[in-house]
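Structure at a glance
Spelled out from the first residue to the last, the chains are:
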2 protein chains.
Amino acid sequence: MRIALDAMGGDNAPYEIVWGGAFAAAQTADSIILVGDEPQIKNAFLTRHPTLRPTPNVTELLQSGKLKIVHTDESIAMDDAPAAAVRRKKNCSINVCMRMVKENEADAAVSAGNSGAMAASALFILGRIKGVSRPAIATVMPTANADRPLLLLDAGANTDCHYEWLREFATMGEAYSRLVLGPQKPEVGLMSIGTEDCKGNELTKRAFALLRHYAPTLNFKGNVEGHDVFEGNIDVIVCDGFVGNVILKTSESAAHAIGGWLKRIIMSKFIYKLAALILKPALRQFKRHMDPEVFGGAPLLGVNGNVIITHGSSSARAIAYACKAGSRAAEHNVAREIETNIAALPPAPTEEELEATQRANECSEK
Amino acid sequence: MRIALDAMGGDNAPYEIVWGGAFAAAQTADSIILVGDEPQIKNAFLTRHPTLRPTPNVTELLQSGKLKIVHTDESIAMDDAPAAAVRRKKNCSINVCMRMVKENEADAAVSAGNSGAMAASALFILGRIKGVSRPAIATVMPTANADRPLLLLDAGANTDCHYEWLREFATMGEAYSRLVLGPQKPEVGLMSIGTEDCKGNELTKRAFALLRHYAPTLNFKGNVEGHDVFEGNIDVIVCDGFVGNVILKTSESAAHAIGGWLKRIIMSKFIYKLAALILKPALRQFKRHMDPEVFGGAPLLGVNGNVIITHGSSSARAIAYACKAGSRAAEHNVAREIETNIAALPPAPTEEELEATQRANECSEK
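Read on for a plain summary of the structure. All values reported here derive from a predicted model rather than from experimental measurement.

Overview of the interface of chain B and chain A
The partner chain A presents 58 residues to the 58 residues of chain B that form the contact. Each partner contributes to the roughly 5200 Å² buried at the junction of chain B and chain A, and carbon and sulfur atoms together form 73% of this total. It is Ile193(B), Phe242(B) and Trp261(B) in chain B that bury the most area against chain A; as a group they hold 14% of the surface buried on that side. Our enumeration of links across chain B and chain A arrives at 2 salt bridges. Between the two partners, chain B and chain A, sit 18 residue pairs in polar contact (both at pLDDT 80 or more). Among the secondary structure elements, those contributing two or more residues to the side of chain B that touches chain A are α4 (82-88), α8 (202-213), α10 (241-266) and α11 (270-290) of chain B. Residue composition of the side of chain B that touches chain A, grouped by class: 31 nonpolar, 18 polar and 9 charged.

Here you go:
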């Protein structure tokens, strides 16, 4: 697969990005196209990456064509308004990546840049899949079950959602989970404040009625709650982008705080430090388990092409994982699968039918 | 202070509840009134609690009046619709607790029962504070800063909120935080998806404009995001009850999963187990730091009286902490303070003023 990698996006661009791309090119069957300012990219390769092992042989990769550089000197500044900037700066690196996907010169686009700019550029250049109202950012999260990561969407692209969008998120999430993450028949849940059918707010109660209608097609399992996020008992959770963003960031905050507490307590006594030394490999393994980097970035689902958004602070290692995610999405043609699945959906229920389902679900006390 | 404790509410009622009440009576200056079925309560005291130390001397406490039993044999079944049940069963234990607060026979009510029933009973018997549209459940959460716990509200009482309610939550949360949790001038944040003024959904953008208007009075610090939940950089976070409930449960889920991963990795090798043995006191301390029990239940703010709701699975220890929280709320007369603060608020902005503030806050690209 050919991955167009935005070399200029992210807090650590271009250094971590280009080394991550080189690492992916060296370690996988994919070829990586670095899109950005060529002098800056070449300059970044002059300083060997301090932690990536084995260090990729950049000269060889460039010669063999496994690694390519596509030059563009337009870039988006940190204080540019993202949507306006991608429209104004036609040749900024993100736009060039998207155009390569559009014109079949690349199979997926990957960027650690501003996710708003990313989404705007994807919409502007690739366009939406037929039947999708709003693209969504899906995030892969670790769970207590190592073999069953969770796909959560929308993780922040759409703050206020129509209930029908949540059904679209379910269709898109089901396809990505099944094709890229492994489960043959992913189970889909709706984020709510209790698992009972009647629980929720106005948005989720209506979405519940709609999802229930499509339950056999979407393998919809009903409401889930915050307790289910890390349980490993569900494959896909849909919610509006406000709630998804809060879940994602709260989880990161909890993991960070818990790690900090543990460290502070261990550092408080010499004997604890000694024990921690013995536990070091275990603690490293523990840290890796919690590390969102290995899950390889968040797909932007619903656009005509495979697009992976990664954290702004992505390291070279995270970039390499994101390229791998882009490659897998392209390999399984997720965008096409979503389009097919949407076209194959049974007819939508009428407003009256939805209303009736919703009334039947109301908690008994009301 | 006199605490009316619902002996019949919660998964572990009456056993854990009554022992928790006895422990609180023995260890603090408060007197505890156990409200529930007298034979069941007395029967529970026949089996000494396995972990509470020092074991309270129940006979002595009952004789001295530090511990009392108020008999009622009506109770709410698990499958009763809560709001209807508290209206139908006039003498159920929750209602009796509330009436004791109302009639000044108790200074606070504490229950581990169904929080919906609790809120319904409080509204029905105690009524709302003037100027409060909807009571809210506030939850105290641990943060990276041990001296700065977070008060999060609403944690689940109101799923769909009007933006003005979020301002009321801020007023109520500020009062509780200042009087009970310690900070002299609590800082209040609004849960959003980024810290910039322009970030949020329709609800929070409007609430932001309103809170900005009252910023000097409420010490409103602007938007916060999920990353701030455990940072210890803010005292009060307001959000709608759907989002609050998701934050609370997701955090519990993350802590549970992280603990599980750590345990599994440590148990995987003999040498790790050995090191963990040395670390045992540290790990216990760590567990205690994460333990929500010590924060003593969630106040139901906005009703005319001090009401503490605790987790349905509360242990005796959690109940004792909840009684303590009830006592502190009563001591500082939180309900009265909220009423006074609401009455003293400067005049509300007009819809036009709010509209203008909101427009001025929009992100530049829009």
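Concerning the sheet that holds strand β8 (residues 220-224) of chain B
Residue and element names in this part refer to chain B. With mixed pairing, 11 strands are arranged side by side in an open sheet as β3-β2-β1-β4-β11-β10-β5-β6-β9-β7-β8. Strands at the two margins of the open sheet, each flanked by one partner only, are β3 (67-71) and β8. The average angle at which neighbouring strand axes cross in this sheet is 25 degrees, direction not considered. Note that strand β5 (residues 136-141) and strand β6 (residues 150-153) share 4 bridges and pair antiparallel. Bridging from a neighbouring strand, Met141 pairs with Leu150 of β6. With respect to the sheet, helix α1 (residues 15-27) is in contact with β1 (2-6), β2 (31-36) and β3, its orientation differing from that of β2 by roughly 165 degrees.

Digging into the packing of helix α7 (residues 163-181) of chain B against α8(B)
All names here are of chain B. α8 packs onto α7 with a crossing angle of 50 degrees between their chain directions and a minimal axis gap of 8 Å. The angle between α7 and α8 falls in the class oblique. Of the two elements, α7 crosses α8, and the hand of that crossing is right-handed. Within the contact between the two elements, α7 uses Tyr163, Glu164, Leu166, Arg167 and Ala170 and α8 uses Leu203, Arg206, Ala207, Leu210 and Leu211. Per-class residue counts for the contact of α7 with α8 are 7 nonpolar, no polar and 3 charged.

Thresholds applied
Residues numbered from 1 in each chain as written. Chains lettered and ligands numbered in written order. Predicted model: local features only at pLDDT ≥ 70, side-chain atom pairs only at ≥ 80, totals over all residues. Heavy atoms only, no water. Contact = heavy atoms within 4.5 Å. Buried area = accessible area lost by both parts, 1.4 Å probe. Salt bridge = Lys/Arg side-chain N within 4 Å of Asp/Glu carboxyl O. Polar contact = N/O pair within 3.5 Å; in protein donor to acceptor, adjacent residues only side chain to side chain. Helix = DSSP H or I, 4+ residues; strand = E, 2+ residues; numbered from the N terminus. Nonpolar A, V, L, I, M, F, W, Y, C, P; charged D, E, K, R; others polar. Pairing = 2+ DSSP bridges. Axes fitted to C-alpha atoms, helices over the stretch in contact; angles between N-to-C directions. Parallel < 35°, antiparallel > 145°, perpendicular 65-115°, else oblique. Left-handed = near helix turned anticlockwise from the far one by under 90°.

As far as function goes, none of this settles anything; it's purely spatial.
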